[in-house]
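Chain residues, written in single-letter form:
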Amino acid sequence: MAIEDMYGRSDEEYYNGGYDDEYEDDYDHDPEPESDDDLSCGKAPSCRVIRKESLLAAQKEDLQRVVDLLSLKVHHARTLLIHYQWDVDKVFAIFVERGKEKLYAEAGVTLEEKAEKPASDPSIEVTCEICFEDFPAEQTTLMECDHRFCNDCWTEYFIVKINDGKSRRITCMAQKCKTICDEGKIRDLVTAKDPNLAEKFNRFILESYIEDNKRVKWCPSVPHCGNAIRVEDDEYCEVECACGKQFCFNCLCELHAPCSCVMWDLWLKKCDDEAPTVTWLSEKTKHCPKCHKIVEKDGGCNLVQCICGQPFCWLCGEATGLEHTWNSISGHTCGRYKESHLKSEDSVEDYWRLTHYYRRYKAHIDSLKIEASESKPKILDKVCSLEAKEFLQLKDFSWAMSGFYRLALSRRVVANSYPFAYHYFGDLFANEITKEERGIKQNLFEDQQQQLETNIERLSMFLEEPFANYPEDKLMETRMKIITLSTVTDDLCKKLYECIDSDLLVPLQQTTHTIARYRSKGVEKASEL
Amino acid sequence: MQASRARLFKEYKEVQREKTADPDIQLVCDDSNIFKWTALIKGPSETPYDGGVFQLAFSVPEQYPLQPPQVRFLTKIFHPNVHFKTGEICLDILKNAWSPAWTLQSVCRAIIALMAHPEPDSPLNCDSGNLLRSGDIRGFQSMARMYTRLAAMPKKG
């Protein structure tokens, strides 16, 4: 068979045989048979775009579930969900395991179902405990926690809190009262004084669904497109926003699979041009252990509190409680020295390793850019001129562009496999894998990587050929080569992912290195809500 | 600004009226500036601060009572949550747990409570915090006692 000759030059057999019959004639009409592990292709979309207009609708479902189960008012359900980061299952779990009271108390929800209070008789004067003035009851507002203050003091207080960015968790003004104020009352009071700010408040409350929610994230496009993306099940995936921005959902960085987010982060710190920013961030900030927002300490002691309310230790970054006692250290021993599992590497050798991997990574990324800016229009030209030739028997030229897209997808995979290899076969897992084991795995991995790389270069070479001017038989031959090579690279990408996932990452004890699943069709486009 | 002034004025009147209500706290407003106050507080009994009189300086922001006052010790004190050099106090109600319902008087009471119940896990004075964290209560108490004697007690004779 001719195909054997195309790739199997000399003794290097870089692709798996057996494509001869399957893909010979009708690649375009019959895309590759979907294998079982490629679930995302046939199923309902696993990510959605949330636009400004659909934000309210997006959270309605979650709110309604909580409202129905606990028979609450909507604003109470929202307070609960804001506190529990929109994790409905967690709300239900706490409800079942620890009871309603505990669930509400932690989130600052107070349910008062008292009858008319004597104080609400408008003729009675009450003293506001903030400004110490007397007011008729009608000029005061009572919160659900039974604390009453004058409307002016409430309003001023709300304005300060909203401007401080604390709209989502405005507690009652009374000392040590942790009840979250009724958003309706806040809205009414603030609207009377400053309608624009009330508008902002509404937005902040709504946007909690994005900012405090593990399953929803803002699109990282710059300038910002205004959209957010919600994933339905797996956070470790790569998505494309409606604005066209492609990113890793978990870490919001550019596409980096099959390199894990942690590795990518380390890689950027080593190689990124914006190193000063990254250094500044890593020196001056820490991630909140609850909501993972970046926190900067602006003074005071080392017990810091994130805007979400979570206290944590600035020294070790671990979550702590707010309560302290005379001499007990509540679960807090960060002063004790733990041997770091990341030993500092011999810097000279590390430098050469890094250079090796970085050069190859960079070469592929550069090729990717050049191919996108220069080869793509050339291929389009060729397709156009071919379509113009009416005497050809072949009418469908979509294989050229399919080949080009396959090339771009595979290039990214092979490029990102270098930062992966740099970290995996470096000292990142030194205490988990023995040197010997590492050597075996490295051979296995590099074999796969090399096969992929070789086929990618061949695909690239054939796509560069001036096939528009070829006679028909030679054109058919080139077409065949491109189609087969596309299939082979796709398959090799899948295999590389499998190798990384099941042979290299799964055996590890550290579970933080999850990678997005391989999708033959490329990054999933988020569908409309 | 008007609101803060009015409220401080009310607090001033309240302090004048209840001068004898709390013998441990003596709050005085600056003659010319209602945003500057000082307080003399007595060290709580059964603590190493017993018998000492500590001076606090209050600096009240214009957004008071929506923003907390800045308070620091003018008298030197050996305490995990007080900066040994500047007198800065690390107390939740003076930072993120502030509520407008606190008054200068009740802040003083909270500071007295902090003197009796230090929080060694969030130390501004690490030496003091470490003594407590390592369980050396006696070492801590004798240091605190010494500084109380040196700085917070009237010299005899």
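In this text the structure is predicted, and so the values were computed from the model without any measurement. (Residues numbered from 1 in each chain as written. Chains lettered and ligands numbered in written order. Predicted model: local features only at pLDDT ≥ 70, side-chain atom pairs only at ≥ 80, totals over all residues. Heavy atoms only, no water.)

Draft legend 1. Here's a closer look at the side chain of His423 of chain A. The topology assignment puts His423 of chain A in helix H11 (residues 398-424). His423 of chain A gets classed as buried once you look at its relative accessible area, which sits at 6%. (Helix = DSSP H or I, 4+ residues; strand = E, 2+ residues; numbered from the N terminus. Buried < 20%, exposed > 50% of the residue type's maximum accessible area, 1.4 Å probe, protein only.)

Draft legend 2. Region of interest: the UniProt feature "domain: UBC core" (unreviewed entry) in chain B. Mapped onto this structure's residue numbering, the UniProt feature "domain: UBC core" (unreviewed entry) falls at residues 3-153 of chain B. When the span residues 3-153 of chain B is considered, its composition is 34% helix and 15% strand, and the gap between its end C-alpha atoms is 38 Å. (UniProt positions renumbered as here; feature names shortened; annotations may be inferred.)

Draft legend 3. Seen up close, the pattern of salt bridges. Residue and element names in this part refer to chain A. Evaluation of the coordinates by the stated rule reveals 24 salt bridges over all chains. With its nearest N and O atoms 2.7 Å apart, the salt bridge here joins Arg51 to Glu528. Pair noted here: Arg51 is in the loop between strand E1 (47-50) and helix H2 (55-70) and Glu528 is in strand E15 (residues 527-528), with a separation of 477 residues, a long-range link. By relative accessible area, which is 43% here, Glu528 ends up partly exposed. (Salt bridge = Lys/Arg side-chain N within 4 Å of Asp/Glu carboxyl O.)

Draft legend 4. Molecular detail of the interface of chain A and chain B. Chain A puts 25 residues into the contact, and the matching count from chain B is 31 residues. Carbon and sulfur atoms supply 62% of the area that chain A and chain B bury against each other, a total of about 2400 Å² over both sides. Taken together, the connections running from chain A to chain B amount to 1 salt bridge. The partner of Glu133 of chain A in a salt bridge is Lys10 of chain B, with the nearest N and O atoms 2.8 Å apart. At the junction of chain A with chain B, the criterion picks out 5 residue pairs in polar contact (both at pLDDT 80 or more). (Contact = heavy atoms within 4.5 Å. Buried area = accessible area lost by both parts, 1.4 Å probe. Polar contact = N/O pair within 3.5 Å; in protein donor to acceptor, adjacent residues only side chain to side chain.)

Draft legend 5. Region of interest: the packing of aromatic side chains. All names here are of chain A. Within this structure, the stated rule accounts for 29 aromatic pairs over all chains. Ring geometry for Phe404 versus Tyr405: centroids 5.8 Å apart, planes at 65°, classification edge-to-face. Here the aromatic residues Trp264, Trp267, Tyr357, Tyr358, Tyr361, Tyr418 and Tyr422 are joined through ring pairs into a cluster of three or more. Sitting over the ring of Phe249, Lys217 keeps its end group 4.7 Å from the ring centre. The ring of Tyr470 has Lys474 sitting right over it, with the charged end atom 4.2 Å from the ring centre. (Phe/Tyr/Trp six-rings, centres within 6.5 Å; stacked < 30°, edge-to-face > 60°. Lys NZ or Arg CZ within 6 Å of the ring centre and 35° of its normal.)

Draft legend 6. Structural view of the packing of H11 of chain A against helix H12 (residues 435-464) of chain A. All names here are of chain A. Taken N-terminus to C-terminus, the directions of H11 and H12 make an angle of 155°; their axes are 10 Å apart at the nearest point. One way to sum up the angle between H11 and H12 is to call them roughly antiparallel. Considering the relative orientation of H11 and H12, their crossing is left-handed. Grouping the constituent residues of the contact of H11 with H12 by class yields 14 nonpolar, 5 polar and 6 charged. (Axes fitted to C-alpha atoms, helices over the stretch in contact; angles between N-to-C directions. Parallel < 35°, antiparallel > 145°, perpendicular 65-115°, else oblique. Left-handed = near helix turned anticlockwise from the far one by under 90°. Nonpolar A, V, L, I, M, F, W, Y, C, P; charged D, E, K, R; others polar.)

Draft legend 7. Expanded view of the state of the cysteines. Under the criterion given, the structure shown has 0 disulfides over all chains. Take Cys225 of chain A: it sits in no disulfide, and the sulfur closest to it among the cysteines is that of Cys243 of chain A, at 3.6 Å. (Disulfide = S-S within 2.5 Å.)

Draft legend 8. The UniProt feature "domain: RING-type" (unreviewed entry) in chain A, seen in detail. In this numbering, the UniProt entry assigns the feature "domain: RING-type" (unreviewed entry) to residues 124-338 and 128-176 of chain A. Secondary structure within residues 128-176 of chain A divides into 27% helix and 18% strand; the distance between the first and last C-alpha atoms comes to 17 Å.

Draft legend 9. Highlighting helix H5 (residues 151-163) of chain A. All names here are of chain A. For H5, which comprises 13 residues, the first-to-last C-alpha distance of 18 Å matches the rise-based estimate of 18 Å (1.5 Å per residue) to within 8%. Most of H5 is tucked away: 10 of the 13 residues are buried. Turning to H5, its buried residues are Asn151, Cys153, Trp154, Thr155, Tyr157, Phe158, Ile159, Val160, Lys161 and Ile162. On its buried face, H5 is in contact with strand E4 (140-142), strand E5 (148-150), helix H6 (183-193) and helix H7 (195-211). Two residues or fewer after H5 comes Gly165, characterised by a positive phi angle close to 80°. (Expected span 1.5 Å × (residues − 1).)

Draft legend 10. The arrangement of the sheet that holds strand E9 (residues 246-248) of chain A in detail. Residue and element names in this part refer to chain A. Strands sit in the order E9-E8-E14 across an open sheet of 3 strands; the sheet is mixed. Edge positions in the sheet fall to E9 and strand E14 (524-525), since each of these pairs with one other strand and no more. Here strand E8 (residues 238-240) pairs with E14 via 2 bridges, running parallel. Bridge pairing in E14 places Glu240 opposite Lys525. (Pairing = 2+ DSSP bridges.)

Draft legend 11. Geometry of the confidence of the model for chain B. Residues and elements named next belong to chain B. For chain B, per-residue confidence averages 90 on the pLDDT scale, and residues scoring 70 or more make up 97% of the total. Looking at the elements of chain B, mean pLDDT is at its lowest for helix H3 (residues 126-133), recorded as 87, and at its highest for strand E3 (residues 53-59), recorded as 96. Scoring of the predicted complex yields 0.73 for pTM and 0.84 for ipTM. (pLDDT = per-residue confidence, 0-100.)

Draft legend 12. Just unusual backbone geometry, in detail. Residue and element names in this part refer to chain A. In this structure, the amide linkage connecting Val222 to the following residue, Pro223, adopts the cis form with an omega of -5°. In this model, Ala257 is joined to Pro258 through a cis peptide bond whose omega is 5°. Inspection of the secondary structure assignment puts Pro258 in the loop between E9 and helix H8 (261-271). Of note, the phi angle at Trp86 is positive, near 60°, even though the residue is not glycine. Note that Trp86 resides in the loop between helix H3 (74-83) and helix H4 (88-107).

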